[in-house]
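The chain contents come next:
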Amino acid sequence: MNPWSHPLERVQSKSMIEQRARRMATLAAGAALLAASNPVPAHVKWFAKFEYSTHAPATDVLGRPLFWILLLAAATAVALLRELEHTSIGQALALRVLQVQQRLAKLHCRVLICSTIFFLAAVATTGNLILTPELTTQLTAVRWLQALAAIALFARRGEPVAGVVLLALFGIGLAEYGAFHMTDYLIFLGLALYFLLPRWPNATRIRFLRMAAALSLMWVSVEKWVFPSWVMQIVHDHPVITFGLPQKEFVVLAGVVEFVLGFGLMWRGLYSVVSALILVAFMSAAILEFGFVDLVGHIVILGVLLAIALDPLLIGSCSPQTSRADFPLISSHGRRIAPPPLQPQLPTWSPAAALLASCAAVLLVYYGIVYTLHGSGTVAQMALGAKIK
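Here goes a summary of the coordinates provided. Predicted model, so just to flag it, every value in this text is computed and none were measured.

Thresholds applied
Residues numbered from 1 in each chain as written. Predicted model: local features only at pLDDT ≥ 70, side-chain atom pairs only at ≥ 80, totals over all residues. Heavy atoms only, no water. Helix = DSSP H or I, 4+ residues; strand = E, 2+ residues; numbered from the N terminus. Buried < 20%, exposed > 50% of the residue type's maximum accessible area, 1.4 Å probe, protein only. Contact = heavy atoms within 4.5 Å. Areas by Shrake-Rupley, 256 points an atom, 1.4 Å probe, with all protein chains shown as cover. Phe/Tyr/Trp six-rings, centres within 6.5 Å; stacked < 30°, edge-to-face > 60°. Polar contact = N/O pair within 3.5 Å; in protein donor to acceptor, adjacent residues only side chain to side chain. Patch = residues over 30% accessible without salt bridge, like charges linked within 9 Å, V, L, I, M, F, W, Y side chains within 5 Å. Salt bridge = Lys/Arg side-chain N within 4 Å of Asp/Glu carboxyl O. Expected span 1.5 Å × (residues − 1).

**A word on the overall build of the chain**
Phase 1: Helices and strands together make up the secondary structure of the chain, namely 17 helices and 2 strands.
Phase 2: The proportion of buried residues among the 389 residues of the chain is 51%.
Phase 3: A separation threshold of at least 6 residues defines the contact pool for the chain, and within that pool the share at least 24 residues apart is 77%.
Phase 4: Looking at the chain as shown, the accessible area adds up to about 17,400 Å², and 69% of this sits on carbon and sulfur atoms.

Have a look at this one:
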């Protein structure tokens, strides 16, 4: 097949596909801004008193029709987005996004470094925080480690020092708060690996960030279902975040939205970019409501999300016979960019099925740990939703 005869060559001209792609991009941006008007609450443990013994039984989550409706609707939306990626319009839109990512290729590293320096300087100034607002410590050496890491990041060769410090801080958190509590902050492990391996391929380093950020957000989202009373405290103090929705329904909705978007970070298509940008909008809106504490706590997460959004996505192919040679070279500021990598040939429904399977797995693991550490029941009782005395 002549590569220049492929329909996607019209991406570089004022064609109908390009016009539709621009309209879709505008609609997506509008949807993200609209979604930001109803933000997912700030990290619960930073603004509410949390007690692990107050967990809700499994039937309180699995017995809600709204939970299943929202989850199935989200899975359907993910499948439709996957289908869109394999159409000519979806490919045109993806190529446009890829152009922007190529132009900003060097920005993701700067974003990560600047956000991490700001974060480390802020917590070092406070003096008694390990990594996040609720992780306090009496160790005076912690603030010196944070200051050392912040200074080290001003030089390229100092990145491994910052990575070691982040690992040490995470270890201190493990020692003082336990593994279950620190599972919320796996994103810091991903960031530590990113800085520890400056000579590794950038795609591999970003992959660590993707997995760590996705696991952190998926884990925290389940927390909203298992411990709804924690979120209720925040909703009571900040009722504006619900925009008139009933509080219990809002908690379920917030958990589903956060889980679906967190799961999306593991993919390298449009799903990943859309998820990262919507999460940035959510967290930015939450900062306006919750203030400087939320800014300090989320600044690193925002940096990671922007880095993921700038990571070159994979293009979906229209047919199994499509190859990289079928795509025209992209022009960016007079430079020719190599044809984009293609996504592996997977069924359209595979991300949706993986989403549902991941939700089931995380719920099972989370409830199993909660009942093991903070209850007196068995895993079988947990699965049946028995209340633990």
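**Quick look at the packing of aromatic side chains**
Phase 1: Enumeration over the complete set of coordinates arrives at 12 aromatic pairs.
Phase 2: Seen in terms of ring centroids, F67 and W225 are 5.0 Å apart; in terms of plane orientation they differ by 85°. Their pairing is edge-to-face. Residue F67 is located in helix α4 (residues 65-85), and its partner W225 is located in helix α11 (residues 202-226); the two are separated by 158 residues in the primary sequence.
Phase 3: Note on F67: relative accessible area 1%, which makes it buried.
Phase 4: Seen in terms of ring centroids, F119 and F188 are 5.6 Å apart; in terms of plane orientation they differ by 35°. Their pairing is tilted.

**What to know about the environment of Y177**
Phase 1: Within the secondary structure layout, Y177 lies in helix α8 (residues 159-177).
Phase 2: Owing to a relative accessible area of 28%, Y177 belongs among the partly exposed residues under this scheme.
Phase 3: Put simply, Y177 and T136 are 41 residues apart on the chain and 9.6 Å apart in space, counted from C-alpha to C-alpha.
Phase 4: A distance of 3.4 Å separates a polar side-chain atom of Y177 from the backbone oxygen of E134.

**A few points about a nonpolar patch on the surface**
Phase 1: Residues L62, W68, L72 and L356 make up a contiguous nonpolar surface patch of roughly 350 Å² in combined accessible area.
Phase 2: Here W68 shows up in helix α4.

**Some remarks on the pattern of salt bridges**
Phase 1: Under the defined criterion, the tally for this structure stands at 4 salt bridges.
Phase 2: Ionic pairing is found between E159 and R156, a salt bridge with its closest N-O pair at 3.5 Å.
Phase 3: Two residues, D311 and R210, come together in a salt bridge whose shortest N-O distance is 3.1 Å. Note that D311 is positioned in the loop between α15 (292-310) and β1 (330-332) and R210 in helix α11, a separation of 101 residues in sequence. The two residues D311 and R210 agree in class, both being buried.
Phase 4: Taken together, the shared-partner salt bridges in this structure form one network comprising R156, E159 and R205.

**Concerning helix α5 (residues 88-103)**
Phase 1: With 16 residues, α5 ought to run about 22 Å at 1.5 Å a step, and its terminal C-alpha atoms sit 23 Å apart, in line with that.
Phase 2: Of all the positions in α5, only I89, G90, Q91, A92, L93, A94, L95, L98, Q99 and Q101 are classed as buried.

**Some words on the side chain of D311**
Phase 1: A residue is classified by how much of its surface remains accessible, and D311, at 6% relative accessible area, is buried.
Phase 2: One polar contact links D311 to R210, side chain to side chain, over a distance of 3.1 Å.
Phase 3: If near-sequence neighbours (up to four positions away) are discounted, D311 is found in contact with Q101, I206, R210 and R268.

**Thoughts on the environment of L253**
Phase 1: Here L253 is to be found in helix α13 (residues 247-264).
Phase 2: C-alpha of L253 to C-alpha of K224: the two residues are 29 residues apart in sequence and 9.6 Å apart in space.

**Topic: the side chain of T116**
Phase 1: Positionally, T116 belongs in helix α6 (residues 107-126).
Phase 2: In this structure, T116 is in contact with L153, L191, F195 and V300, ignoring residues within four places of it in sequence.

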